[in-house]
Amino acid sequence: MKVSARNVFKGSVKQLRNGAVNAEVVVALPGGSELVAIVTEESVKSLSLAQGKEVIALVKAPWVMLMTEADGIRLSARNCLAGTVKSVTDGAVNAEVVLSLPGGTEVVAVVTRDAVSELGLAAGVKATAVIKASHVILGVPA
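Analysis parameters
Residues numbered from 1 in each chain as written. Predicted model: local features only at pLDDT ≥ 70, side-chain atom pairs only at ≥ 80, totals over all residues. Heavy atoms only, no water. Pairing = 2+ DSSP bridges. Helix = DSSP H or I, 4+ residues; strand = E, 2+ residues; numbered from the N terminus. Salt bridge = Lys/Arg side-chain N within 4 Å of Asp/Glu carboxyl O. Buried < 20%, exposed > 50% of the residue type's maximum accessible area, 1.4 Å probe, protein only. Contact = heavy atoms within 4.5 Å. Axes fitted to C-alpha atoms, helices over the stretch in contact; angles between N-to-C directions. UniProt positions renumbered as here; feature names shortened; annotations may be inferred.

Q: An account of the pairing of strand β1 (residues 7-17) is requested, with residue identities and associated values reported.
A: When β1 meets strand β4 (residues 54-59), the two strands line up antiparallel, connected through six bridges. Counterpart to K10 in the pairing with β4 is I56. Bridge count for β1 against strand β2 (residues 22-28) is five bridges, and the pairing is antiparallel. Paired with V13 across the strands is V27, a residue of β2. Turn length for the β1-β2 hairpin, with the two strands adjacent in sequence and antiparallel, is four residues.

Printed below as a string of structure tokens:
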């Protein structure tokens, strides 16, 4: 599978909470991190999602927000993944930031160069990737 999304996470369904319209799917990633996705009940059926099923979670890099100094902050976004900046690649307007999570999973974010400067993002800096559960797209091996 080739996709344009920079973040392609392989994992397995750890927990599935069904609802009337949507379901909450907790995906266990290698290294112990978790990613929460909100998908429709129709997607649960069509993908045959169940606990233990292998899934692929896709997140476009512009959908990833970054924050520093996150201690004591609670957000409504379900996914707050703390890690360390691995690299920052500057572009004309935006920058690509790669965040390494404990266990080796990497998250790629595209943020403005102003954000990089304001947050002091550089290799070795502690940061948190913030991803809304509704921005996580799930797929399964065919």
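After presenting the structure, the write-up continues.
Q: Go over the pattern of salt bridges, please, and point to the residues and values.
A: The full count for this structure, using the stated rule, is six salt bridges. Of the charged contacts, one joins E24 and R17 as a salt bridge, the two residues approaching to 2.8 Å between their closest N and O atoms. Owing to a relative accessible area of 11%, E24 belongs among the buried residues under this scheme. Two residues, R113 and D90, come together in a salt bridge whose shortest N-O distance is 3.8 Å. Highlighted residues: R113 in helix α2 (residues 113-119) and D90 in strand β6 (residues 79-90), separated in sequence by 23 residues. One continuous salt-bridge network, built from bridges that share partners, spans R17, E24 and R78.

Q: Explain the environment of A95 to me, using residue names and the numbers behind them.
A: Relative to the assigned elements, A95 resides in strand β7 (residues 94-100). In this structure the C-alpha to C-alpha distance between A95 and D114, which are 19 residues apart in sequence, comes to 9.1 Å. Setting aside its immediate chain neighbours within four residues, A95 contacts V88, T89, D90, A109, V110, V111, T112, R113 and V116.

Q: Tell me what's going on with the sheet that holds β1, and back it up with residues and numbers.
A: Judged by pairing direction, the sheet is antiparallel, and its five strands sit side by side in the order β3-β2-β1-β4-β10 without closing on themselves. Edge positions in the sheet fall to β3 (34-40) and β10 (137-139), since each has one partner strand and no second. Strand-to-strand, the axes of this sheet are offset by a mean angle of 45°, without reference to chain direction. Where β2 and β3 come together, seven bridges link them in antiparallel fashion. Looking across to β3, one finds that A23 is bridged to V39.

Q: Give a detailed account of the environment of I56, specifying residues and quantitative values.
A: Tracing the sequence through the fold places I56 in strand β4. Sequence separation between I56 and V136 is 80 residues; the distance between their C-alpha atoms is 9.8 Å. If sequence neighbours within four positions are ignored, I56 has contacts with M1, V8, F9, K10, I137, L138 and G139.

Q: Tell me about the UniProt feature "domain: Mop" (unreviewed entry) in the protein, and please be specific about residues and values.
A: Here, UniProt's "domain: Mop" (unreviewed entry) annotation points to residues 2-68 and 74-140. Span residues 2-68 is 9% helix and 51% strand, its end C-alpha atoms 32 Å apart. Secondary structure across residues 74-140 divides into 10% helix and 52% strand, with the first and last C-alpha atoms of the span separated by 31 Å.

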